[in-house]
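# Analysis of the macromolecular model
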Amino acid sequence: MAKQAKITLANGGEVTLDLFDKDAPNTVANFEKLANEGFYNGLTFHRVIPGFVAQGGCPNGTGTGGPGYTINCEINPNKHERGTLAMAHAGRNTGGSQFYICYAPQPHLDGGHTVFGKVAKGMEFIDAVRGGDKMEKVEVVEV
């Protein structure tokens, strides 16, 4: 079965992402665990750079926090395109909870960050995100 993430934004928008659990199984499993434990609920998109990315998943709201552990990168052939979901990190194998969604292709990030999903529906809500906007709820479901 395929997996999807659903991000419900505080502004009422809902974003559906297809998760690439065959290409990045550990990253998807980590994201699913955090989402379904409620880790992301109420967190913000702390870094929003139009034309680049919307980044969220920091419990401190500053880009300095994580879940208290790190995960290894799972570099795969998927590219950073508009709507790509990828794991943020502070260097190879230091990801944890922070992720980003690309606004436009970012080929310079290919091969350096784990791409583990892509927006299937609701990209217009990501386009409207501003720094500090909250994720009301994040969940992962099988479809």
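This text goes with the structure placed above it.
So, here's what we can say about the structure.

Calculation criteria
- Residues numbered from 1 in each chain as written.
- Predicted model: local features only at pLDDT ≥ 70, side-chain atom pairs only at ≥ 80, totals over all residues.
- Heavy atoms only, no water.
- Salt bridge = Lys/Arg side-chain N within 4 Å of Asp/Glu carboxyl O.
- Helix = DSSP H or I, 4+ residues; strand = E, 2+ residues; numbered from the N terminus.
- Buried < 20%, exposed > 50% of the residue type's maximum accessible area, 1.4 Å probe, protein only.
- Pairing = 2+ DSSP bridges.
- Axes fitted to C-alpha atoms, helices over the stretch in contact; angles between N-to-C directions.
- Contact = heavy atoms within 4.5 Å.
- Disulfide = S-S within 2.5 Å.
- 1 Å grid on protein atoms, 1.4 Å probe; cavity = no way out; pocket = protein on both sides within 12 Å on 5 of 7 lines; lining within 4 Å.
- Points joined across faces, edges and corners; volume = space filled by probe spheres on them.
- Nonpolar A, V, L, I, M, F, W, Y, C, P; charged D, E, K, R; others polar.
- Core = buried A, V, L, I, M, F, W, Y, C linked by side-chain atoms within 4.5 Å.
- Polar contact = N/O pair within 3.5 Å; in protein donor to acceptor, adjacent residues only side chain to side chain.

## Observations concerning the pattern of salt bridges
The final tally for this structure, using the stated rule, is 5 salt bridges. Between Lys 3 and Glu 32 there is a salt bridge, and its shortest N-O distance comes to 2.7 Å. Placement of Lys 3 in strand E1 (residues 3–9) and of Glu 32 in helix H1 (residues 25–36) is noted, with a sequence separation of 29 residues between them. With relative accessibility at 18%, the residue Glu 32 sits in the buried group. Across the pair Arg 82 and Asp 127 runs a salt bridge whose closest N-O atoms are separated by 2.6 Å. Taken as a pair, Arg 82 in the loop between strand E4 (53–56) and strand E5 (84–87) and Asp 127 in helix H2 (residues 123–127) lie far apart in primary sequence, 45 residues in all. Exposure remark for Asp 127: the relative accessible area of 32% places this residue in the partly exposed category.

## Points about the sheet that holds E5
Strands sit in the order E3-E4-E6-E5-E7-E2-E1-E8 across an open sheet of 8 strands; the sheet is antiparallel. Only two strands of the sheet have a single partner each, and these edge strands are strand E3 (45–49) and strand E8 (135–142). Between one strand axis and the next, the sheet turns by 25° as a mean value, whatever way the strands run. Two strands pair when backbone bridges link them, and E3 and E4 are joined in this way by 4 bridges, in the antiparallel orientation. The residue bridging Phe 45 from the neighbouring strand is Gly 56, located in E4. Taken strand by strand, H1 contacts E1, strand E2 (14–19), E5, strand E6 (99–102), strand E7 (115–121) and E8, and its axis lies near 125° from that of E8.

## Details of the state of the cysteines
Enumeration over the complete set of coordinates arrives at 0 disulfides. Looking at Cys 58, it has no disulfide partner, and the nearest cysteine sulfur is the one in Cys 73, 18 Å off. Considering cysteine sulfurs only, Cys 102 is the nearest to Cys 73, which forms no disulfide, with 15 Å between them.

## What about the layout of surface pockets?
In this model, the largest pocket occupies a volume close to 190 Å³. What lines the largest pocket is a set of 15 residues, among which Gly 65, His 89, Ala 90, Thr 94 and Gln 98 lie closest to the centre. Per-class residue counts for the lining of the largest pocket are 4 nonpolar, 11 polar and no charged.

## What to know about the nonpolar core
The biggest cluster of nonpolar side chains holds 29 residues, and the ones touching the most others in it are Phe 99, Phe 116 and Ile 126. Within the residue set of this core, elements represented by two or more residues are E1, E2, H1, E5, E6, E7, H2 and E8. Among the elements that line this core, the one with the most residues is H1, at 4 residues. Beyond its immediate chain neighbours, meaning those up to four positions away, Phe 116 contacts Asp 18, Leu 19, Phe 20, Ala 24, Thr 27, Val 28, Phe 31, Leu 85, Ala 86, Met 87 and Phe 99.

## Focus: the side chain of Asn 30
In this fold, Asn 30 is placed in helix H1. Take Asn 30: its relative accessible area is 7%, and that puts it in the buried class. Of note is the side chain of Asn 30, whose polar atom sits 2.6 Å from the backbone oxygen of Gly 96. Ignoring sequence-local partners within four residues, the contact set of Asn 30 consists of Tyr 69, Ile 71, Met 87 and Gly 96.

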